[in-house]
Amino acid sequence: MKPKSENYITLEFLSRSANESFARGAAACFAAQLDPTLEELGDIKTAVSEAVTNAIVHAYPDRLGRIVIKARILPENVLEISVRDWGRGIPDIERARQPLYTTGGEERSGMGFTIMESFMDSLTVRSQEGRGTRVIMRRRIQPRRPVR
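In this text the structure is predicted, and so the values were computed from the model without any measurement.

## Examining the sheet that holds strand β1 (residues 7-14)
With antiparallel pairing, the 5 strands of this open sheet are ordered in space as β1-β2-β3-β5-β4. The sheet is open, and its two borders are formed by β1 and β4 (122-128), each paired with just one other strand. Each strand of the sheet is rotated relative to its neighbour by a mean of 10°, with strand direction disregarded. Pairing geometry for strand β2 (residues 66-74) and strand β3 (residues 78-85), over 8 bridges, is antiparallel. Note that in β3 the partner of A71 across the bridge is I81. Against the sheet, helix α1 (residues 18-31) contacts β1, β2 and β3, and its axis sits at roughly 175° relative to β1.

Quick look at the structure:
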């Protein structure tokens, strides 16, 4: 059963590289309601950037496709961000999550999932070949004490 969200957004856009910065900024603006530190905000932006870039580069290498981001605020200041595509899918998720593994050519570092995992509290990857991929990331934002 899904936890009840306190707030949510859904964004849909084409897999154009120009939309990666839009997605990163939109996720950061949504997360801002939890009053994150600049470091937490930077971590969220980086993780979203990696997830969206993976969808652009790997899901749709030779065509434009659809990407949907859903962000939710869950109880206890947990931010959940889902990045979904309907592209090629990942044949071997375990292998794809290994550092330095890439199917994107020499210019790709193969560190996308590793970066997402290091900046978020949890990372779930679901994929089916020919049907697409969903990456679900969660990060608890520590409530800050009021300054006196």
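## Let's talk about the environment of F13
The topology assignment puts F13 in strand β1. For F13, a relative accessible area of 9% translates into the label buried. For the pair formed by F13 and G65, sequence separation is 52 residues and the distance between their alpha carbons is 8.4 Å. The residues contacting F13, other than those within four sequence positions of it, are N19, A23, V52, G65, R66, I67 and I69.

## Observations concerning the packing of aromatic side chains
Here the structure, examined in full by the defined rule, presents 1 aromatic pair. Each ring, one from F13 and one from F22, has its centre 6.5 Å from the other, and the planes form 85°; the classification is edge-to-face. A cation sits over an aromatic face here: R66 above W86, 3.8 Å from the ring centre.

## Considering the side chain of S15
Within the secondary structure, S15 sits in the loop between β1 and α1. For S15, a relative accessible area of 5% gives the class buried. Separated by 2.8 Å, the side chain of S15 and the backbone nitrogen of G65 make a polar contact.

Procedures and definitions
- Residues numbered from 1 in each chain as written.
- Predicted model: local features only at pLDDT ≥ 70, side-chain atom pairs only at ≥ 80, totals over all residues.
- Heavy atoms only, no water.
- Pairing = 2+ DSSP bridges.
- Helix = DSSP H or I, 4+ residues; strand = E, 2+ residues; numbered from the N terminus.
- Axes fitted to C-alpha atoms, helices over the stretch in contact; angles between N-to-C directions.
- Contact = heavy atoms within 4.5 Å.
- Buried < 20%, exposed > 50% of the residue type's maximum accessible area, 1.4 Å probe, protein only.
- Phe/Tyr/Trp six-rings, centres within 6.5 Å; stacked < 30°, edge-to-face > 60°.
- Lys NZ or Arg CZ within 6 Å of the ring centre and 35° of its normal.
- Polar contact = N/O pair within 3.5 Å; in protein donor to acceptor, adjacent residues only side chain to side chain.

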